[in-house]
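Listed below are the residues making up each chain.
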Amino acid sequence: MTAHWTFKTSQPLNAAIALAQTYLPNMPHAAAQGVPTAVRRGAHVQVDGVQHRYPGMAQNCLEHLNFQVESGQIVALVGRSGCGKSTLLHLIAGLMQPGAGGVYIDGNRVRSTCPRWVVMFQAPSLFPWMTVSQNAALGLRFAGRKAEIQRRIPALLEMVGLTAFAERNVQDLSGGQQQRVALARSLATQPDLLLLDEPFSALDAFTRRALQQDVRRIAKDLGLTVVLVTHDITEAAIMADRALIMAPDPGRIVTDTMLDPGPDRHRDSPAFEAERARLATLFEATA
Ligand SMILES: Nc1ncnc2c1ncn2[C@@H]1O[C@H](COP(=O)(O)OP(=O)(O)OP(=O)(O)O)[C@@H](O)[C@H]1O
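Scoring rules and cut-offs
- Residues numbered from 1 in each chain as written.
- Predicted model: local features only at pLDDT ≥ 70, side-chain atom pairs only at ≥ 80, totals over all residues.
- UniProt positions renumbered as here; feature names shortened; annotations may be inferred.
- Helix = DSSP H or I, 4+ residues; strand = E, 2+ residues; numbered from the N terminus.
- Contact = placed C-beta atoms within 7 Å.
- Core = buried A, V, L, I, M, F, W, Y, C linked by C-beta atoms within 7 Å.
- Buried ≥ 20, exposed ≤ 12 C-beta atoms within 10 Å, placed from the backbone.
- Pairing = 2+ DSSP bridges.
- Axes fitted to C-alpha atoms, helices over the stretch in contact; angles between N-to-C directions.
- Arc of directions from axis to C-beta.

If you check an unreviewed UniProt entry, the chain appears there as NitT/TauT family transport system ATP-binding protein from Roseinatronobacter thiooxidans. What the UniProt record of the chain gives under Sequence similarities (unreviewed entry) is the line "Belongs to the ABC transporter superfamily."

Summing up its helical and strand segments, the chain has nine helices and 10 strands in all. Across the chain, contacts joining residues at least 24 apart in sequence account for 75% of those joining residues at least 6 apart.

What follows is about the nonpolar core. Leu77, Val78, Ile92, Ala184, Leu195, Val227 and Leu228 are the most contacted members of the largest nonpolar core, which totals 77 residues. Once residues within four sequence positions are removed from consideration, Val78 is found in contact with Thr230, His231, Ile233, Ala236, Ala243, Leu244, Ile245, Met246 and Phe283.

Let's shift gears to the sheet that holds strand S5 (residues 108-109). As summarised here, the arrangement of the four strands in space is S2-S1-S4-S5, forming an open sheet in which the pairing is antiparallel. Of all strands in the sheet, those with a lone pairing partner are strand S2 (62-69) and S5, marking the two edges. As judged from the five bridges shared by strand S1 (residues 45-52) and S2, these two strands associate in the antiparallel manner. Across the sheet, residue Gln46 finds its bridge partner in S2, namely Gln68.

Counting through the fold element by element, Gly161 comes out in the loop between helix H5 (149-159) and helix H6 (175-188). In this structure Gly161 comes out as partly exposed when scored by C-beta crowding, with 15 C-beta atoms within 10 Å. Note: C-alpha distance between Gly161 and Ala184 (23 residues apart in sequence) is 9.8 Å.

This part takes up the sheet that holds strand S7 (residues 193-197). The mixed open sheet is built from six strands, whose spatial order is S6-S7-S8-S3-S9-S10. A single partner strand is all that each edge strand has here, and the edge strands are strand S6 (117-120) and strand S10 (252-258). This sheet shows a mean twist of 15° between the axes of neighbouring strands, independent of strand direction. Both strand S3 (residues 74-79) and strand S8 (residues 225-230) contribute to a ladder of five bridges, which runs parallel.

Residue pairs spaced three or four apart in an α-helix point in one direction, given the helix's 3.6 residues per turn. Three or more residues of H5 are buried, namely Arg152, Ile153, Leu156, Leu157 and Met159. Projection of H5 onto a plane perpendicular to its axis shows the buried side chains occupying an angular sector of 150°, all on one side. Turned more than 90 degrees off the buried face of H5, the exposed positions are Gln150 and Arg151. On its buried side, H5 packs onto helix H3 (132-136), helix H4 (138-142), H6 and helix H7 (205-222). Phi turns positive one or two residues past the end of H5, at Gly161, with a value near 80°.

The next subject is the pairing of strand S4 (residues 100-105). Two strands pair when backbone bridges link them, and S1 and S4 are joined in this way by five bridges, in the antiparallel orientation. Looking across to S4, one finds that Asp48 is bridged to Gly102. Relative to S5, S4 is paired through two bridges, and the arrangement is antiparallel. By the bridge assignment, Ile105 is partnered in S5 with Asn108. In sequence, S4 turns back onto S5 through a hairpin of two residues, with Asp106 there showing a positive phi of about 50°.

A separate point is unusual backbone geometry. It is generally the case that most residues other than glycine have a negative phi and that most peptide bonds are trans. Look at the link from Asp249 to Pro250: it is a cis peptide, with omega at -10°. Note on placement: Pro250 falls in the loop between strand S9 (242-247) and S10. Backbone geometry places Ser125, a non-glycine residue, at a positive phi of 50°. Along the polypeptide, Ser125 turns up in the loop between S6 and H3. Residue class for Ser125 comes out buried when judged on the 21 C-beta atoms lying within 10 Å of it. Phi angles above zero are rare outside glycine, and Glu198 is one such case at about 45°. Turning to its location among the elements, Glu198 is positioned in the loop between S7 and H7. Judged by local crowding, Glu198 falls into the partly exposed class, with 18 C-beta atoms found within 10 Å.

The structure is reproduced here in structure tokens:
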């Protein structure tokens, strides 16, 4: 299905702000390597005693958060609306600072955003007047790495299945294809941590399923560490190696469970259905 998007006037500005926050930080990044998209090792994430309260709120939004994400692991933060999933993801990304405790990536305290970790949101935040290739190259351009564009972007578009659309205007793409462009843009700077804030929730079920499987495959191929925010148990079961189930008031982790690594992560597989049902039961019992 092709969705023709009408961009609100503020959207390019929002896209520019989101991109600038991601790609113009003050921390150095690893030099580009010859291989277009390979990373050496996914990031290790440590959330250490994190607590957070928004100004003017009587209660903590998040409390007593202590966990680690291993290099190359895909972790889903699962919970009902309002339990603090997005807040936690934003703290990991360095978009906000916690009131207490800290987030460490590869042992370094996170104090700001950095091209080594990228966030994908529900809206792909593309520039509507640019082509697929130009949008995918924006992160490299903003990071002052223009020399890498020619060698890296074609390989990335192939990886996300958009080679045939390279010179199309992004407004002519479906919502799922636009998220694939955003994924290519996110991967172009060779991050070692991908932070996903319900990036597929606006898509139809079929497109969502294809993207969930592709993002898992790509992350595993590249060795990326991924933290995924979702309220969708099936999405967590398809994509994640491990699920952290959160409960609200205050937001906290109530269950930490590894998921069956079996290869058949699709709906028709009995093994997948059993794992999805186990996670759903855990969720109902604790969240
Ligand atoms: N900027 C803010 N100022 C005050 N309170 C906020 C702010 N942002 C979020 N909150 C509150 O913090 C709590 C957690 O919000 P958050 O968006 O992190 O939850 P969530 O689990 O991601 O929810 P959803 O699944 O609906 O996106 C909610 O009660 C929300 O109202």
